[in-house]
Each structure stands twice: as C-alpha cells, then as structure tokens.
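Spelled out, the chains give:
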Amino acid sequence: MKRQDLRNIAIIAHVDHGKTTLVDAMLRQSGVFRSNEQVVERVMDSNDLERERGITILAKNTSVMYEGVKINIVDTPGHADFGGEVERVLNMVDGVLLLVDAFEGPMPQTKYVLRKALEQKLKPIVVINKIDRPDERVADVVDEVLELFIELDADDEQLDFPVIYAAARDGIAKTTMEDESSSLEPLFKLLLEAIPAPVGEAEGPLQIMVTTLDYDEYVGRVAIGRVMRGKVVNGQAVAVLNGDTVTKARIGRLYTYEGLKRTEVKETGLGDIVAITGLESVNIGDTIADAENPEALPTINIDEPTLAMVFSVNNSPFAGREGQFVTSRHLRDRLFKEVETNVSLRVKETDTPDAFEVSGRGELHLSILIETMRREGYEFQVGKPEVIFKTINGQSCEPMEFLTIDVPQEYMGAVMESLGTRKAELVNMIELAGYLRMEFIIPARGLIGFRSEFLTNTKGNGIMHHIFNGYAPYKGDIPGRTRGALVAFENGETTAYGIHSVQDRGVMFVVPGQAVYQGMIIGENTRDMDMDVNPCKKKHVTNMRSSASDEALRLVSPRILSLEQALEYINKDELVEVTPKSIRLRKSVLDRQMRGRERKTSQG
C-alpha cells in the first residue's frame, strides 16, 4: 500500500550551505508560525552550542503541511564528526534534498552524506542554494554535482535528478534561473512529485525502527523512529527487540511531529515518524514490534570511532572549587548516559576507577561533549587525543582523513610546507575564483593541532574541511609540538611584575591576578624544553627608589586558549583541566622534582 498523504525527506549538505535556514523558510511559508509570531533565526538549532557555532550537531525532526500532504523533514548535521547521526536518520526517509552552495559547489561532507543516501536508494532532489551570491557559478556547480553522482556510482534513476534553484534566506525557489518566483512553491510542488510516498503493509504486524533517542525530565526516554509496517496505538502492548533479547513493554504516550511541536495522537500508521514514551529499556537500532508477532528489522551500521582520549577525575590543587559534579561516580554516570543517545561514542573503564577512555569520531565530536559537560557543572581533566590503530592483514593501520583546503594563492607555500611534515599527500588541485582548492589524504593524527597552525599561516583567510577516508598502513612518525612549556613552580597569584620577568621567555597564557599552582602550564617556551618559572614573584620594596622604578610595566597580550586549542596543544605528559569557569593546562605530574626524576629515567 502507498500512503499518498505523507512524504519523508532528509535535508543533507555540507556545513554552512543553508540547510537549517531552508527549513526555517519552509516552516514560515507553510503557516507553522502565526503571522505576528516572533521567531528566532535557525529555529531548528535548539542547542546552545549549535546556536553559538552556527552548526547542527543533533538531527532534528519537524513537519509541514502542503496541499493536504504532511511532509516530515529531518535536518541533519553537516560535520563528519556527527556522521553517526546522519546514517541513522536516513533510515527514516524516502528521499533527500541535497543542498549545494552556488559558489562552493560539492564539498567533502556533501560527498559523504550523499554516498550514504545513494547506498540506501533514496530519491535525491538537488537544491542549488545561495543563487543570490554575487560570485555564484550555478552552471559549473550543476556539472560538478553530476560528476559527483557519477563518481559515487549512482544508478540511472538517481542520475536523472531534478534541480531547484533557491535563495533560502529570502524564501525563494525556482525551477530555472530565468523564472520569476517570490516563494518556495516550486520546491513544495517538486517534493510531492519527486519524493516517493511511503510503501508497505498498512495492516501487517507493527514494526518501528528506533533511530534517535531523546530524554525528557518528566517522562524519561523518548524513542523516535519510523513506522515501517502496521499501525501504532497509544497504550499498545509491544515487544522491544535488541538482537536476541525480547522485552515486553507498553507504549506510554504516542506523539507525531506537527511543525516544531510534538503532538500527542491516539494512533498513526505506516510511514509516519513517531516519538514514543514509556519504553525504558529501548536503545538506538532496536525494533519496536507487535507483542504477538515480534519481528526484528535489520540493525543500523555506524562508522567506528577514530580518536580516543582519557577523561579522569580532577586531582589538581584547585579541584572542587568551581564544579558541581566532581567525583568519579558523577563522571562515570554522565559518560555512560551520553553513550545511550550518542551512537558514535564509546566509553571504556580503565585500570583505575577514576579514569575512563572515551572514543569518538574526531576532535570536534569529543570537544562538543566536553563543552556540554562543563556547562552542566562537571569538573574533570582530559588527556591528549590519540588515534585508534587497527591491525588489518597483520599490518598496523591508522585512520586517514580526506582534507580539503581553500586558500588564496599567496598562502599555498606555507600550507604545503606545514602539511608535508604531517605526512599529507596532495591528490588534487583546482583553481577557483581567486582561490586554490587543494585536496589531501592525511593521517588523522596529522590533523591534531593543525587547525590553529593553519589559521595562523593563512592569516585567517583559509577554509579547511576533512572527512574520514578509511584505514591505511602506518605512515611513520609525525613531529609533535616543537616548543616546551613554561611551568609555574609554586602556588599563588600571578603578578604583573612576575609575568613581566617571565614574558621574554615565550608566549604567556595567563593574566595578572590569576590563581596558579605548581605544575600548571602558564605559557609556551621559545625553546624545545620545559622551563620552571615563577609568575607570582613580587617586587621587593627598598628604601632606595628612583623616580623611574615605579613605571607601569609593559605586558604583552597573553594567548588565551579555547577548549579545542588546548586539546590540540598538549603533549602526552600534559592534561587539560576543565571546569565550568576555567580551562587550565597542567603537567600530569605536578611536582617539579618528580618530573625531573622521570625525565632522567626516560633519558637514561
């Protein structure tokens, strides 16, 4: 049976190509908001971090009505680090809107999400967005998209994709560049024509694939998924299937999506996207099935993590001063709770009860988790990110990334030199208007710490994106940080005089009046070795004073590291102390003498 009153689509695109903005416009024009309602921009980015960074981290569901047909829309993340979200979401839909920037064209992430969509035989509609850009090159971009489809082995039906031209910010779509249009009407029409209606057994035994989990303070877990077969009724007895495990349960409340809201319904059927409460034992990838005839759906495959880091209880002299949750039990519970909804994440217990190994899809994936936890009041410390090696056919293999870099030509030399030492291999170079686009295959560990160096080398004019490219044999040693650290050797408060006496040794990370402790890293040395310094030194008062002795000290502006920069910066023998108010760098061993003994032992 076909359900003609329903369509399910996912919006896929590279970061910043306008997915969330397009959904905003579709919601506005379908009458979801009242005419006088105040609506924030990028209304789908509900998480604080998403709004600050302008990226989508979690997949979101919404729906619009057009000519009596309900269109369920899923807004997906564009970053490779959140690929686990994308893969699950594509199981809920029958077609995709592939958004491509009218100047930038298909980018690495476009390729990644499109490959997943084509593998699942989803029907694509290509939306060339931002056609109002003065530097648009629409005709070339359409050709590039076609080449991308061919490269990804699209079948004949997928290659015959319809194209829509849009300016999502203005809420305009048209079928040719010459058309006059003042709304998204052409896009809505095309959606109904091109995206297939859900097909399946409307009267068969129930099957729902759980693709996302949400959590609500009042009702507990909320399982979100698509009705693959049959119909689902409020209060119905069901079986939850996880591998060979079958758990009997009863549906608490049943919701569908109307606009941005979840609306409670008595029942719904084949093809609809639903949210269900009352199933405490449910996990992502489980099947919610008919209690009498439980049949499991195929499970979802998720890309494996490529990067790991150790989260441990904060044991610095400042432990417990700023955080609300500081014990190993707090840390353990929070990390294992995250695994329930964050499918690409893995958490393993270590030999000590105070430390946990957390593996994820990349630096961004892990730093978003760290940032979220510190905002929730957690205090802990993390070690240097390490890539996860695999043994394939008896050979040690490491994760490789496909790196795309757009830079003005004058910075090409500096970027190439920097990537050369990181074992990157140039595979393609294209000239765009005033820019060079270079494509590399690089070991994932070669990217750790590269972003900040890249921004410095290109004076902020470069753009970089990378995506997992598979495993390859170990490429050899990559030099780490070339400079040592300036380490405080006593507890106290920094003074302007103390910082002034140290600043010619290197770059400072602290300001006057800041509390520091022995073993805390307060700057970067100009040499390759660590140096113990005293930024808390006070000026001794004497009765012999010249008029010039009290001149204001000239302090160089310190470099204040963000969380990502701190994670990239540290060496293996260093940690980042993370609290709701501070990010501090420190040595793993705080005691100066013990560090000296360890250094001698390792050298000896």
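Keep in mind that this is a model prediction, so the values were computed, not measured.

Chemist: What should I look at first to understand the UniProt feature "binding site: GTP" (unreviewed entry) in the protein in this one?
Modeler: The feature "binding site: GTP" (unreviewed entry), as given by UniProt, occupies D16, H17, G18, K19, T20, T21, N129, K130, I131 and D132 in the numbering adopted here. Looking at the secondary structure, you find T20 in helix α1 (residues 19-29). Note on placement: T21 falls in helix α1. Once residues lying within four places of it in the same chain are set aside, the contact partners of T21 are A168 and R169.

Chemist: Could you clarify how one ought to interpret the environment of L575 in this entry?
Modeler: Relative to the assigned elements, L575 resides in strand β34 (residues 574-578). By relative accessible area, L575 is classed as buried at 13%. Considered as a pair, L575 and R586 are 11 residues apart in the sequence and their alpha carbons are 5.4 Å apart.

Chemist: Any chance you could explain the pairing of strand β4 (residues 95-101) here in plain terms?
Modeler: Every other side chain in a regular strand lies on the same face of the sheet, so the side chains alternate between the two faces. The buried fraction of β4 amounts to 7 of the 7 residues, a majority that puts the element mostly inside the structure. Taking every second residue as pointing to the same face, both faces of β4 are buried, with G95, L97, L99 and D101 on one and V96, L98 and V100 on the other. Strand direction decides the pairing type here: β4 and strand β5 (residues 123-129), joined by 7 bridges, are parallel. Considered in β5, the bridge of V96 is made with P124.

Chemist: Any chance you could explain the side chain of N534 here in plain terms?
Modeler: Following the sequence through the fold, N534 ends up in the loop between β33 (531-533) and α13 (563-569). From its side chain, N534 meets the backbone nitrogen of C536 in a polar contact 3.0 Å long.

Chemist: Just to check I follow, could you spell out the nonpolar core for this structure?
Modeler: Burial of nonpolar side chains together is a common tendency in soluble globular proteins. Residues L90, L98, V126, I128, V145 and F149 are the most contacted members of the largest nonpolar core, which totals 42 residues. Ignoring anything within four residues of it in the chain, the contact list for L90 reads A10, I12, V96, V113, K116, A117, Q120 and L122. In this structure, M309, L335, I370 and V578 belong to the second largest nonpolar core, which totals 33 residues.

Rules behind the numbers
The numbers attached to residues start from 1 for each chain and follow its sequence in the written order. Only residues with pLDDT of at least 70 are given local features in this predicted model, and only at 80 or more are side-chain atom pairs given and counted; all residues enter the totals for whole chains, interfaces and linings. Hydrogens and water molecules were not included; the side-chain quantities draw on all heavy atoms of the structure. UniProt positions are given in the numbering used here, feature names are shortened, and annotations may be inferred rather than shown by experiment. To qualify as a helix, a DSSP run of H or I must reach at least 4 residues; to qualify as a strand, a run of E must reach at least 2; elements of each kind are numbered from the N terminus. Two residues qualify as a contact provided that any one of their heavy atoms is within 4.5 Å of a heavy atom in the partner residue. With a 1.4 Å probe rolled over the protein chains alone, any residue whose accessible area is under 20% of its type maximum counts as buried; one over 50% counts as exposed, and the rest are partly exposed. Pairing between strands is defined by DSSP: at least two bridges between them are needed. Pairs of N or O atoms within 3.5 Å make up the polar contacts considered here, provided that, within protein, one atom can donate a hydrogen while the other can accept it, and that residues adjacent in sequence are counted only when both atoms are side-chain atoms. Working definition of a nonpolar core: buried Ala, Val, Leu, Ile, Met, Phe, Trp, Tyr and Cys residues. They are joined through side-chain atoms within 4.5 Å.

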